[in-house]
Amino acid sequence: MSKDKKRMSEEENQEETVFYFDIVGSILIILSLISLGRLGSGGNILYKLFKITFGDFYWIIILFIIIYGFYLLFFHNKIDFKNSKIIGIIIITISLLVFSHFSLFNYLQTYGNDKSYFSLIISYYKDYFNNHNIEYLGGGLIGGTIFYILFSIVGKMGTIIICLILILLGLSLIINRPILSIISNGASKFKNIKKYIKNFNRFFKYELSNDSKKEKKIVINEKKVPIKFLNDLNNELIFNMQQ
């Protein structure tokens, strides 16, 4: 009896977990599609919140949420955020958010010099939320905060270098290869591309030009054939036929 009760409880727990994953996955997909399509006032509010939080790369986050929802529906299991590939995707996304905030930061410096950076960016995003008359939002609150921390510590070039290193680190985690091998492979592929471009230019510069010159020579030689010679040849043929 005790074994049967344990089996029944385990089956009930499995059904509850499957039901839980189906509900959560469906909710994530529905909310993402509503916000992406700006369906109704609720969808418009969600869309604005996504853009304010994640900036111009908000669609990457929404796409990830949709994929995560389908993953819960089909596999009934959570994504392992400790996985190296997931960590690499997160690192690259954060780097893109920081990169996209450079131009907005330059604009905010001329937006008002008597306010601090965070008061400026909050007022800027408030204006977008209330009026929706701003198209460019940079890296959002997350990208803007990380950008300001890096920029205040290491400056503009330091922020660019750190973001590039983070992108390479993210790629190395995704493809499971060290950073140096990625750089060396990229350099070798770049050299091969340069060779292909040079060969392409040589083909158009020399081969096609030589072919066109040959055609011109043929036409010129045809024009140089004298008419008198042809007449003499014709008369000689007629004379021979008469004989």
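Our subject is the structure listed above.
Remember, it's a predicted structure, so these values are computed and weren't measured experimentally. Residue indices follow the written sequence of each chain, beginning from 1 at its first position. With the structure being a predicted model, the display of local features is reserved for residues of pLDDT at least 70 and the display and counting of side-chain atom pairs for 80 or more, all residues being used for whole-chain, interface and lining totals. Think of the side-chain values as coming from all heavy atoms in the structure, minus any hydrogens and water.

**With respect to the overall build of the protein chain**
Where we set the bar: By the criteria applied, helices consist of DSSP H or I runs no shorter than four residues and strands consist of E runs no shorter than two, each listed in order from the N terminus. A simple rule labels every residue: compare its accessible area, found with a 1.4 Å probe on the protein chains alone, to the largest value its type can have, and call it buried under 20%, exposed over 50%, or partly exposed in between. Whether two residues are in contact is decided by their heavy atoms, any of which lying within 4.5 Å being enough. Under the convention used here, a 1.4 Å probe and the Shrake-Rupley method define accessible areas, while residue burial counts only the protein chains that appear.
Across its full length, the protein chain holds nine helices and zero strands. Walking the protein chain from its N terminus toward its C terminus, one meets helices and strands in the order α-α-α-α-α-α-α-α-α. Counting all 243 residues of the protein chain, 25% fall into the buried class. Across the protein chain, every contact between residues at least 6 apart in sequence was considered, and the portion connecting residues at least 24 apart equals 64%. Here the protein chain has roughly 17,500 Å² of accessible surface; of this, 65% comes from carbon and sulfur atoms.

**As for the packing of aromatic side chains**
What counts, and what does not: Two aromatic rings from Phe, Tyr or Trp, using only the six-membered ring of Trp, form a pair when their centres are within 6.5 Å; if the ring planes differ by under 30 degrees the pair is stacked, by over 60 it is edge-to-face, and anything between is tilted.
Applying the stated rule across the entire model yields 16 aromatic pairs. Their ring planes at 55° and their centres at 4.7 Å tell us that Phe 105 and Phe 151 sit as a pair that is tilted. Remark: Phe 151 occurs in helix 7 (residues 140-175) and Phe 105 occurs in helix 5 (residues 102-111); sequence separation between them is 46 residues. Look at Phe 105 and you get buried, because its relative accessible area is 6%. The exposure class of Phe 151 is partly exposed, given its relative accessible area of 25%. Here the aromatic residues Phe 99, Phe 102, Phe 105, Phe 147 and Phe 151 are joined through ring pairs into a cluster of three or more.

**A few points about the packing of helix 4 (residues 84-99) against helix 7**
Helices that pack against each other are described as a pair by the angle of their axes relative to one another and the distance between those axes. This is how the line gets drawn: Helix axes use the C-alpha atoms of the stretch in contact, all axes being lines fitted to C-alpha atoms, and the angles between their N-to-C directions lie in the range 0 to 180 degrees. Rotating anticlockwise by less than a right angle from the far helix to the near helix defines a left-handed crossing, while the corresponding clockwise rotation defines a right-handed one. Throughout this entry, Asp, Glu, Lys and Arg are counted as charged residues, while Ala, Val, Leu, Ile, Met, Phe, Trp, Tyr, Cys and Pro are counted as nonpolar. The remaining residues, Gly among them, count as polar.
One way to put it is that helix 4 packs onto helix 7 with a least axis distance of 8 Å and a crossing angle of 145°. Where helix 4 crosses over helix 7, the two elements pack in a sense that is left-handed. Considered class by class, the residues forming the contact of helix 4 with helix 7 number 20 nonpolar, six polar and one charged.

**Some details on the nonpolar core**
Applied cut-off: The term nonpolar core refers to a set of buried residues drawn from Ala, Val, Leu, Ile, Met, Phe, Trp, Tyr and Cys, joined through side-chain atoms within 4.5 Å.
Counting residues in hydrophobic clusters, the biggest one holds 25 residues, and the most contacted among them are Phe 50, Leu 108, Tyr 124 and Tyr 125. Broken down by secondary-structure element, the contributors of at least two residues to this core are helix 2 (40-54), helix 3 (58-75), helix 4, helix 5, helix 6 (117-131) and helix 7. In this structure Leu 108 touches Tyr 117, Leu 120, Ile 121 and Tyr 124, once residues within four positions along its chain are discounted. Counting residues in each nonpolar core, the second largest holds five residues, with Phe 21, Tyr 68, Ile 79 and Ile 86 among its members.

**Comments concerning the side chain of Ser 95**
Among the secondary structure elements, Ser 95 is positioned in helix 4. The exposure class assigned to Ser 95 is buried, which follows from its relative accessible area of 1%.

**Concerning unusual backbone geometry**
Phi angles above zero are rare outside glycine, and His 76 is one such case at about 50°. Relative to the helices and strands, His 76 resides in the loop between helix 3 and helix 4. Not every positive phi belongs to a glycine, and Asn 176 is a case in point at roughly 60°. Overall, Asn 176 belongs to the exposed group, its relative accessible area being 68%.

**A word on the packing of helix 6 against helix 7**
We apply this condition: If an angle is under 35 degrees, it is roughly parallel; if it is over 145, roughly antiparallel; if it lies from 65 to 115, roughly perpendicular; otherwise it is oblique.
Between helix 6 and helix 7, the shortest axis-to-axis distance is 12 Å and the interhelical angle comes to 165°. Relative to helix 7, the element helix 6 lies roughly antiparallel. Our pair here, helix 6 against helix 7, has a crossing hand that is right-handed. Contacts from Tyr 117, Phe 118, Ile 121 and Tyr 125 in helix 6 reach Gly 140, Leu 141, Gly 144, Thr 145, Phe 147 and Tyr 148 in helix 7. Its residues assigned to classes, the contact of helix 6 with helix 7 comprises seven nonpolar, three polar and no charged.

**Considering the environment of Asn 77**
Turning to its location among the elements, Asn 77 is positioned in the loop between helix 3 and helix 4. Taking C-alpha positions, Asn 77 is 7.2 Å from Phe 21, a pair spaced 56 residues apart along the chain.

**A short note on the environment of Gly 143**
For Gly 143, the location among the structural elements is in helix 7. On a C-alpha basis, the gap between Gly 143 and Thr 93 in space is 9.5 Å, while along the polypeptide they are 50 residues apart. Residues in contact with Gly 143, not counting those within four places in the same chain, are Leu 97, Val 98 and His 101.

**Describing helix 2**
Convention followed: An expected span of 1.5 Å times one less than the residue number is assigned to each helix.
With 15 residues, helix 2 extends 21 Å between its outermost C-alpha atoms, agreeing within 8% with the 21 Å of an ideal straight helix rising 1.5 Å per residue. Gly 43, Tyr 47, Lys 48, Phe 50, Lys 51, Ile 52 and Phe 54 are the residues of helix 2 that are buried. One or two steps after helix 2, the chain reaches Gly 55, where phi turns positive at roughly 70°.

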